[in-house]
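# Inside the fold
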Amino acid sequence: MLEHRTDFVREARQEYAELRRIGPYYYAHFGYGRAVAILPFRHTAADLELLARLEVRPSHGAGMELGAITGRYDNPAISLLACAVKEVSEEAGYIVDPDTVIDLGETWDSKVTDSIYHLFAVDISDPAIRRCEAVDVGPETGYPQWITPAEVSRTTDPILAMTYLRLAAHLKLPGQD
């Protein structure tokens, strides 16, 4: 399991974020520290389709960018799995059975933060999967979008890319030896 650093010097602090320094290196720390990412997917006649999210990312510029379905884990009363199931409902509009969710492990989001993401995937190929109203959708937040695996290689989101790579290895897709 990944651990948070504790040998830091606090440089600046906001409600959820602070800038920390270890020697000459700076990184961001977010108060919640942990987050989840979940990658819904479905099998089609031609390939695998992945459900990503086209969303506003103010730190990257004005437009919308393709990224993973994510959420911060800030409620210790629920499990990481329950948090991921909640995010796929809120951001993509799918009600999934937690028993069908695939645990893909943990990763850091980048070298400039100490946030730990727990990665999940879920097969929603079954037409019996129920839909619900996605509440975190709109021009100010984002929209779910089906993409192909080839489109993942063109994303700038490392969490989407890592979640797909772990899923491909789990499913033993060609080229994932």
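The rules behind these values
Residues numbered from 1 in each chain as written. Predicted model: local features only at pLDDT ≥ 70, side-chain atom pairs only at ≥ 80, totals over all residues. Heavy atoms only, no water. Helix = DSSP H or I, 4+ residues; strand = E, 2+ residues; numbered from the N terminus. Contact = heavy atoms within 4.5 Å. Areas by Shrake-Rupley, 256 points an atom, 1.4 Å probe, with all protein chains shown as cover. Salt bridge = Lys/Arg side-chain N within 4 Å of Asp/Glu carboxyl O. Buried < 20%, exposed > 50% of the residue type's maximum accessible area, 1.4 Å probe, protein only. Phe/Tyr/Trp six-rings, centres within 6.5 Å; stacked < 30°, edge-to-face > 60°. Lys NZ or Arg CZ within 6 Å of the ring centre and 35° of its normal.

## Digging into the overall build of the chain
- Helices and strands together make up the secondary structure of the chain, namely three helices and twelve strands.
- In the chain, 62% of the contacts between residues at least 6 apart in sequence involve partners at least 24 apart.
- In the structure as shown, the chain presents an accessible area of about 9900 Å², 55% of it carried by carbon and sulfur atoms.

## Points about the pattern of salt bridges
- The tally for this structure, following the rule as stated, stands at eight salt bridges.
- A salt bridge links Arg-53 to Glu-55; its shortest N-O distance comes to 3.0 Å. In terms of burial, Arg-53 and Glu-55 fall into one category: buried.
- The closest approach of N and O atoms between Lys-86 and Glu-87, which form a salt bridge, is 3.4 Å.
- Exposure remark for Glu-87: the relative accessible area of 6% places this residue in the buried category.
- Each of Arg-53, Glu-55, Glu-91 and Asp-136 takes part in salt bridges that share partners, so that together they form one network.

## Here we look at the packing of aromatic side chains
- Evaluated as defined, the whole model comprises zero aromatic pairs.
- One cation-aromatic arrangement involves Arg-42 over Trp-146; the distance from NZ or CZ to the ring centre is 3.6 Å.
- Taking the ring centre of Tyr-94 as reference, the NZ or CZ of Arg-131 above it sits at 4.0 Å.

## Here's the deal with unusual backbone geometry
- Positive phi is not limited to glycine here, since Lys-172 has a value of about 55 degrees.
- Relative to the elements of secondary structure, Lys-172 occurs in the segment after α3 (158-171).

## Digging into the side chain of Glu-91
- Structurally, the position occupied by Glu-91 is in helix α1 (residues 80-92).
- For Glu-91, a relative accessible area of 6% translates into the label buried.

## Comments concerning the environment of Leu-50
- Its place among the elements puts Leu-50 in strand β5 (residues 48-56).
- We classify Leu-50 as buried; its relative accessible area is 0%.
- As for Leu-50 and Asp-123, which are separated by 73 residues in sequence, their C-alpha atoms are 9.4 Å apart.
- Those residues in contact with Leu-50 that lie beyond four places of it in its chain are Leu-39, Pro-40, Phe-41, Gln-145, Trp-146, Ile-147, Thr-148, Pro-149, Val-152, Tyr-164 and Leu-167.

## Considering the environment of Leu-39
- Within the fold, Leu-39 resides in strand β4 (residues 34-43).
- Judged by its relative accessible area of 2%, Leu-39 falls in the buried class.
- A C-alpha to C-alpha distance of 6.9 Å links Leu-39 and Ala-52, two positions 13 residues apart in sequence.
- Not counting the four nearest positions on each side in its chain, Leu-39 is found in contact with Leu-50, Leu-51, Phe-120, Ala-121, Val-122, Leu-160, Thr-163, Tyr-164 and Leu-167.

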